[in-house]
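# Summary of the model geometry
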Amino acid sequence: MRVVDSHTAGEPTRTIIDGGPDLDSGPGTGTLAERAARFAADHAWVRRALLTEPRGFDAMVGALLCPPDDPSCATGVVFFNTAGNLGMCGHGTIGVAATLAFLGRIAPGTHRFETPVGVVTVDLKTANTAAVENVESYRLHAGVTVEAEGLGAVTGDVAWGGNWFFLCKEPPVTLETAHIPALTDAALKVQTALARAGITGADGAEIDHIEFFGPPVSPAADSRNFTLCPGGAYDRSPCGTGTSAKLACLAADGALAPGAAWVQESIIGSTYRAHYRAGTGGGIVPTVEGQAFVVGETVLHFAPDDPYRIGIGSPFLVGDADGG
């Protein structure tokens, strides 16, 4: 299986270029959302093999390129991490754009990428810089309070930015790299508290991303964040879908005007520049700009007698049909 690795503002993306599962034939062929569901149900071994040790690590996000349903799109893409599929992925979209530019498949200009939750527009400014106009984003609930173990009352907003987020304005500790273990532990406790309280996104969707916000370190930024992603890894980037959800909350509060710039700083100090326009469904359409760099081009091998060919900790045994 051939992959290209990149990072966007520090967060890794592994894009499958060749040798991935065929989602376009047999049972389940249909829309990209249907094909993504088929990938999750029938090809979980790919996610485990690519993203867990010994080939990957818990912060890595995968991207499977697929033929788009919409012929105006340059590609379809299914994003996934160690826990499962992702609806959209901002850093991953920028990473895929940089990867396609590296491969000579797209040039600077405007391109459309199809994701399972909708089409996004990518303005590839240079080979390494892209601005992504995301799916329409919105705040579902404001000022939700839960009791989290060891933290007490925690208040935040529930918002959609391509994934579901719980956004807290007050972090449990200062947002610095030395506190990443404490922030991770706190975010997991908040997620548990949300589930226990029955607080969800629309239609009962799990809130699988937790964000803490605080003052930035750089005077050029407006805010610093810590984002915990599904699977328990923190986002090294400022989180593209999380920044989109943040802008939706700011817009709902009247704290950021359409077109005004917002610079979001990550826990490691990397930044995205963002703004929004009004959406047609009552939300906002955010644009998030960042940089991605290709860091490797690899052919992955899966020896049939390798007990860890589909990842350490996988439930599959050597010779299991689902394991290839």
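As shown above, the structure is provided for reference.
Residues numbered from 1 in each chain as written. Predicted model: local features only at pLDDT ≥ 70, side-chain atom pairs only at ≥ 80, totals over all residues. Heavy atoms only, no water.

### Side note on the packing of aromatic side chains
All told, the structure shown has six aromatic pairs when counted by the stated rule. Ring geometry for F226 versus Y234: centroids 6.0 Å apart, planes at 20 degrees, classification stacked. In this structure, R236 packs its charged tip against the face of Y234, placed 3.9 Å from the ring centre. (Phe/Tyr/Trp six-rings, centres within 6.5 Å; stacked < 30°, edge-to-face > 60°. Lys NZ or Arg CZ within 6 Å of the ring centre and 35° of its normal.)

### Observations concerning the nonpolar core
Within the largest apolar cluster, 61 residues are counted, with the highest numbers of intra-cluster contacts made by F79, F166, F212 and F226. Top element by residues in this core is helix α4 (residues 180-197). It accounts for seven residues. Setting aside its immediate chain neighbours within four residues, F212 contacts C168, E170, P171, P172, L175, L183, A186, A187, V190, R224, N225 and F226. The next biggest cluster of nonpolar side chains, apart from the first, holds 19 residues, and it includes V3, L32, W45 and L50. (Core = buried A, V, L, I, M, F, W, Y, C linked by side-chain atoms within 4.5 Å. Buried < 20%, exposed > 50% of the residue type's maximum accessible area, 1.4 Å probe, protein only. Helix = DSSP H or I, 4+ residues; strand = E, 2+ residues; numbered from the N terminus. Contact = heavy atoms within 4.5 Å.)

### Overview of the pattern of salt bridges
Using the criterion set out here, one finds eleven salt bridges in the structure. Across the pair R112 and D70 runs a salt bridge, and its minimum N-O distance is 3.0 Å. Remark: D70 occurs in the loop between β3 (61-66) and β4 (75-81) and R112 occurs in strand β6 (residues 109-115); sequence separation between them is 42 residues. R112 sits in the partly exposed class, given a relative accessible area of 31%. Note on D70: relative accessible area 23%, which makes it partly exposed. Of the charged contacts in the structure, one is a salt bridge between D253 and R139, with a shortest N-O distance of 3.0 Å. With D253 in helix α5 (residues 240-253) and R139 in strand β9 (residues 138-148), this pair connects stretches of sequence that are 114 residues apart. One salt-bridge network, in which partners are shared between bridges, spans R139, D157, K169 and D253. (Salt bridge = Lys/Arg side-chain N within 4 Å of Asp/Glu carboxyl O.)

### What about empty space enclosed by the protein?
Summed over all chains, the structure comprises two cavities of 30 Å³ or more. Space inside the largest cavity adds up to approximately 170 Å³. Along the wall of the largest cavity there are 21 residues; nearest its centre are V61, L86, C89, C229 and D235. Of all the elements in the fold, those that place two or more residues in the lining of the largest cavity are α3 (90-102) and α5. Of the residues assigned to the lining of the largest cavity, the class counts are eleven nonpolar, seven polar and three charged. (1 Å grid on protein atoms, 1.4 Å probe; cavity = no way out; pocket = protein on both sides within 12 Å on 5 of 7 lines; lining within 4 Å. Points joined across faces, edges and corners; volume = space filled by probe spheres on them. Nonpolar A, V, L, I, M, F, W, Y, C, P; charged D, E, K, R; others polar.)

### Notes on the side chain of D157
Considering the arrangement of structural elements, one finds D157 in strand β10 (residues 152-160). By relative accessible area, which is 8% here, D157 ends up buried. Polar contacts involving the side chain of D157 include one to the main-chain amide nitrogen of G143, which spans 2.8 Å. Among residues more than four places away in sequence, those in contact with D157 are R139, H141, A142, G143, F165, F166, L167 and C249. (Polar contact = N/O pair within 3.5 Å; in protein donor to acceptor, adjacent residues only side chain to side chain.)

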